[in-house]
Amino acid sequence: MQTAISTQNRAASNFIPPYPAEEKHPKVLLYVDGSCLKNGSVEAQAGAGVVLMTEDGQRIKLKASYLGALTNQKAEILACAVGLESLTKPCEVQIFSDSKYVVETMNGINRMKSNREFWERLIKACLTHKIEWNWVRGHSGNPFQETADKLSRAAATRKENLEKETLDRLAL
């Protein structure tokens, strides 16, 4: 299912044009995961992991971002935003997440009742892309989802973004 996003009540100066359907756009896959160590405590450490790849699998980019003291749900939302924000032009995107919370919300099954500022960041990141949201069972052996999980945990554990050199070593 594709995401339908309302752009009502947006100031003209902040308006980002919607996905231009008449043009041909790259097709990419995003495997994303958010994790939080010590979830719910003041010592929480959250991270986002992203595996971005072309549809043909020929190009792969890894991203691991430290998100600070957030909950697991907020980290899952932001992992999607971080992945989409990595794209430099409009794309046709298939997002794979192990968060039913995020996937069902973005597919219109659930409402965005809480974590409003995080949902707003994700929606803004969606505006220039055509997106298909897919749920994948976590820790079920999907190598790309497992990598996104490891990246999110590594960023949360180290309390820092992983640099390109470290990510390149992980990709080998």
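Rules behind the numbers
Residues numbered from 1 in each chain as written. Predicted model: local features only at pLDDT ≥ 70, side-chain atom pairs only at ≥ 80, totals over all residues. Heavy atoms only, no water. Salt bridge = Lys/Arg side-chain N within 4 Å of Asp/Glu carboxyl O. Helix = DSSP H or I, 4+ residues; strand = E, 2+ residues; numbered from the N terminus. Buried < 20%, exposed > 50% of the residue type's maximum accessible area, 1.4 Å probe, protein only. Phe/Tyr/Trp six-rings, centres within 6.5 Å; stacked < 30°, edge-to-face > 60°.

## Concerning the pattern of salt bridges
Logical step 1: By the definition in use, this model includes 3 salt bridges.
Logical step 2: Taking the shortest distance from any N to any O, the salt bridge between Glu85 and Arg121 comes out at 2.8 Å. Here Glu85 is found in helix H1 (residues 72–85), whereas its partner Arg121 is found in helix H3 (residues 116–126), with 36 residues between them in sequence.
Logical step 3: According to the relative accessible area criterion, Glu85 is partly exposed, its value standing at 42%.
Logical step 4: The closest approach of N and O atoms between Asp149 and Arg153, which form a salt bridge, is 3.3 Å. Taken as a pair, Asp149 and Arg153 lie in helix H4 (residues 143–158) at a separation of 4 residues, close to a single helical turn.

## Digging into unusual backbone geometry
Logical step 1: Phi angles above zero are rare outside glycine, and His139 is one such case at about 55°.
Logical step 2: In this structure, His139 sits in the loop between strand S5 (130–135) and H4.
Logical step 3: A residue is classified by how much of its surface remains accessible, and His139, at 55% relative accessible area, is exposed.
Logical step 4: The phi dihedral of Lys159 is positive, around 55°, even though this residue is not glycine.
Logical step 5: Within the secondary structure, Lys159 sits in the loop between H4 and helix H5 (164–171).

## Remarks on the packing of aromatic side chains
Logical step 1: Taken as a whole and assessed by the stated rule, the structure comprises 3 aromatic pairs.
Logical step 2: Ring centres 5.3 Å apart and planes at 35° place the aromatic pair Tyr31 and Phe144 in the tilted group. Note that Tyr31 is positioned in strand S1 (residues 27–37) and Phe144 in helix H4, a separation of 113 residues in sequence.
Logical step 3: Classification of Tyr31 as buried rests on a relative accessible area of 9%.
Logical step 4: For Phe144, a relative accessible area of 29% puts it in the partly exposed group.
Logical step 5: Ring-pair connections join several aromatic residues into one group, and the members of that group are Tyr31, Phe96 and Phe144.

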